[in-house]
Structures are given as structure tokens and as C-alpha cells.
Amino acid sequence: MKTKVFDNLNDLNEDFTLWLKELLAEKEDLSIALSGGNTPRTLFRYLATNHADDIDWSKIKFFWSDERCVWPTDDDSNYKMAKESLFDHVAVSEKNIFRIRGENDAYKEARSYQELLQNELETVNGVPQFDVLMLGMGEDGHTASIFPHEMNLWDSHNMCVVATHPKTRQMRISLSGQTINAAKNVVFLVTGAPKDKIVKAIIEDNENAQEKYPAARVQPNSGNLTWYLDSYAGRELTQKK
Ligand code: 6PG
């Protein structure tokens, strides 16, 4: 596991971009599962502003780690956020955008997205394998849309599960733990002070983190896990004892 703490989001976004470009240079095409929420929006805008022309966007197949059960035009949609902050500004290939259809029946869509992943991606022991899987982490230690009150979903035999937000009760479709941990490269992008203590507990594997926080269960079989943190989310790691 690698941990990178950055003084500002610009440096974080540039470092991630350079890593992605190196990976892309080695491959004919690349599959990436995007995370949702606010943090990735700054990265997507950074990519659209600074790297529209020096990345071959047509080589990238876009998927999602999770999606809210809303229409793609809804402000809550992770797809809509990615479309407005990135896809509308770079030359992605429409046929390479595989959104989770949050407007459909959640249980049916979880099944059909699992089938889509198995058709579009290489599989390892039947589990779809992403080249890159992006994750965020909530202030309660959730990741993708696996929340602490539904930790059982992490261990689902299904590749995609139906979850509910603990406060809003909004239904979500999420990759399950086995699909997340099957990815060749998993990258956490976590920013903001309220997450600092959970970040520390997870990275240092203390305070029973693995029992409490879904994000602590992210342990890719490949061993390739990198935490990209801003100085606030990473401040507990860097503070002198
Ligand atoms: C989602 C995300 C979720 C997100 C965290 C952090 O659909 O909301 O996938 O797991 O990454 O909630 O969100 P912020 O970046 O907005 O703090």
C-alpha cells in the first residue's frame, strides 16, 4: 500500500494524472471504475482543463464503482457529475461509457451491470477485473456505496449489490468487495479534515477498523492500493508523535 499526502489538490490531481498516463502508455485500452461524490469532481475538472489534448481518451472505458438510484439527469447522479465535469470536455468515445442505470429497478440493474462487467472486462475466477478502480471514503468510513450499517454487502457473492444510504435511505447500486479487491490497481482519493482519524485508523489498521469501516476492507488481491490524500485528510498520518 502506498500513501501520498499533498499540500494542495492541484499537486494531488497532477500526480494522479501522471500515474494514469504512464499506465495508459503501456496499454491498448484501459478500464476505469469512477467513484462519485464531490472529491473526484475536482480531479475530473482538472483533467478536462489541463489534459484534454495530451491523453488519448478514446482508449479509456469508463465504468462506475457505484451509482445513486436516480435518473442520469438528476444532480445526485455520479454519471451526470462525470459527464458535466469531464466527458463534455474531452474526446471520450460514447461507446466506452458504461453507466449504471440508476433509473432502472435497482435489483435488476445490479444483475445486468454484473453481466455487463463480465462481458466487457477480463475476469479472474469469474470476477470482473478493472485496470483502475477509484474510490472515495465518507466520514463514516463507507466506500463506494457500502456503508457501515450494511457491512454484509461487502462479502456478497454478487459482483454488484443494492445498498441504502443510512441517513437519506436513498437506494444505491455498488460494486461489492470481491469486485473491488479484484482490480489491478485501486486508488483512494480522500480529502477533508473530518476523515483524518478514520484514514489513520484504516491505514495503521488499528481501532478494529476492519470491523467498523468498509473502506478498511479494501485490500486488493494485486496489492496495488494507493491512498491519495490532501493535507487535511492525511494530517493524522503526518503529525509528529
Ligand atoms: C458516492 C461515492 C461515495 C463517495 C464518498 C466520499 O456515490 O457518494 O462513491 O463513496 O466516494 O461518499 O464522497 P465525497 O468525496 O463527496 O466526500
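What you are looking at is a predicted structure, and each value in this text was computed from that prediction instead of being measured.

About the thresholds
Residues numbered from 1 in each chain as written. Predicted model: local features only at pLDDT ≥ 70, side-chain atom pairs only at ≥ 80, totals over all residues. Heavy atoms only, no water. Near = heavy atom within 4 Å. Polar contact = N/O pair within 3.5 Å; in protein donor to acceptor, adjacent residues only side chain to side chain. Areas by Shrake-Rupley, 256 points an atom, 1.4 Å probe, with all protein chains shown as cover. 1 Å grid on protein atoms, 1.4 Å probe; cavity = no way out; pocket = protein on both sides within 12 Å on 5 of 7 lines; lining within 4 Å. Sits in = over half its atoms within 2 Å of the grid points. Nonpolar A, V, L, I, M, F, W, Y, C, P; charged D, E, K, R; others polar. Core = buried A, V, L, I, M, F, W, Y, C linked by side-chain atoms within 4.5 Å. Buried < 20%, exposed > 50% of the residue type's maximum accessible area, 1.4 Å probe, protein only. Contact = heavy atoms within 4.5 Å. Pairing = 2+ DSSP bridges. Helix = DSSP H or I, 4+ residues; strand = E, 2+ residues; numbered from the N terminus. Axes fitted to C-alpha atoms, helices over the stretch in contact; angles between N-to-C directions. Phe/Tyr/Trp six-rings, centres within 6.5 Å; stacked < 30°, edge-to-face > 60°. Lys NZ or Arg CZ within 6 Å of the ring centre and 35° of its normal.

Peer 1: Please explain the site of the ligand as it appears in this structure.
Peer 2: Taken together, 15 residues sit near the ligand, with Thr39, Asp66, Arg68, Ala144 and Lys195 positioned nearest. At 3.3 Å from an oxygen atom of the ligand is found a main-chain nitrogen or oxygen belonging to glycine 36. In this structure, an oxygen atom belonging to the ligand sits 2.7 Å away from a main-chain N or O atom of asparagine 38. Here the ligand has 420 Å² of accessible area as a free molecule, and 89% of this is covered by the chains. When atom positions are compared with the pocket grids, the ligand is found to occupy the largest pocket. Class assignment for the residues of the shell around the ligand results in two nonpolar, nine polar and four charged.

Peer 1: What is the right way to look at the nonpolar core in this model?
Peer 2: Generally speaking, nonpolar side chains in soluble globular proteins are found buried as a group. In this structure, Phe62, Phe87 and Trp227 are the most contacted members of the largest nonpolar core, which totals 74 residues. Setting aside chain neighbours within four positions, we find phenylalanine 87 in contact with Leu34, Phe62, Trp64, Tyr79, Ala82, Val92 and Ile97.

Peer 1: Just checking my understanding: could you explain the sheet that holds strand β2 (residues 30–34) for this structure?
Peer 2: Backbone-to-backbone hydrogen bonds join strands into a sheet, with any given pair of strands oriented parallel or antiparallel. Taken in spatial order, the six strands make up an open sheet running β1-β11-β10-β7-β2-β3, and their pairing is parallel. Only two strands of the sheet have a single partner each, and these edge strands are β1 (2–6) and β3 (60–64). Going across the sheet, the axis of each strand differs from the next one's by a mean of 20°, ignoring polarity. Pairing of β1 with strand β11 (residues 225–230) involves five bridges; the strand directions are parallel. Residue lysine 4 lies in a different strand from β11, and its bridge partner there is tyrosine 228.

Peer 1: Explain the packing of aromatic side chains here, please?
Peer 2: For any two aromatic rings, the description comes down to two numbers: the centre-to-centre distance and the angle of the planes. With the rule as written, the count across this model stands at nine aromatic pairs. Seen in terms of ring centroids, phenylalanine 16 and tyrosine 228 are 5.8 Å apart; in terms of plane orientation they differ by 80°. Their pairing is edge-to-face. In this pair, phenylalanine 16 is assigned in helix α1 (residues 9–25) and tyrosine 228 in strand β11, connecting sequence segments 212 residues apart. You can call tyrosine 228 buried: its relative accessible area is 1%. Within the aromatic cluster, the residues linked to one another by ring pairs are Phe6, Phe16, Trp19 and Tyr228. Between arginine 99 and the ring centre of tyrosine 79, over which it is positioned, the NZ or CZ distance is 5.6 Å.

Peer 1: Got a minute to help me understand the sheet that holds strand β8 (residues 160–164) in this structure?
Peer 2: Reading across from one edge, β4-β9-β8 is the order of the three strands in this open sheet, with antiparallel pairing throughout. In this open sheet, the two strands that pair with only one neighbour each are β4 (66–68) and β8. Strand-to-strand twist in this sheet, taken as the mean axis angle between neighbours without regard to direction, amounts to 20°. Pairing of β4 with strand β9 (residues 171–175), which is carried by three bridges, proceeds in the antiparallel orientation. Pairing of aspartate 66 across the sheet is with serine 174, part of β9. Sheet strands touched by helix α4 (residues 106–120): β8 and β9. Its angle to β8, the strand with the most contacts, is close to 150°.

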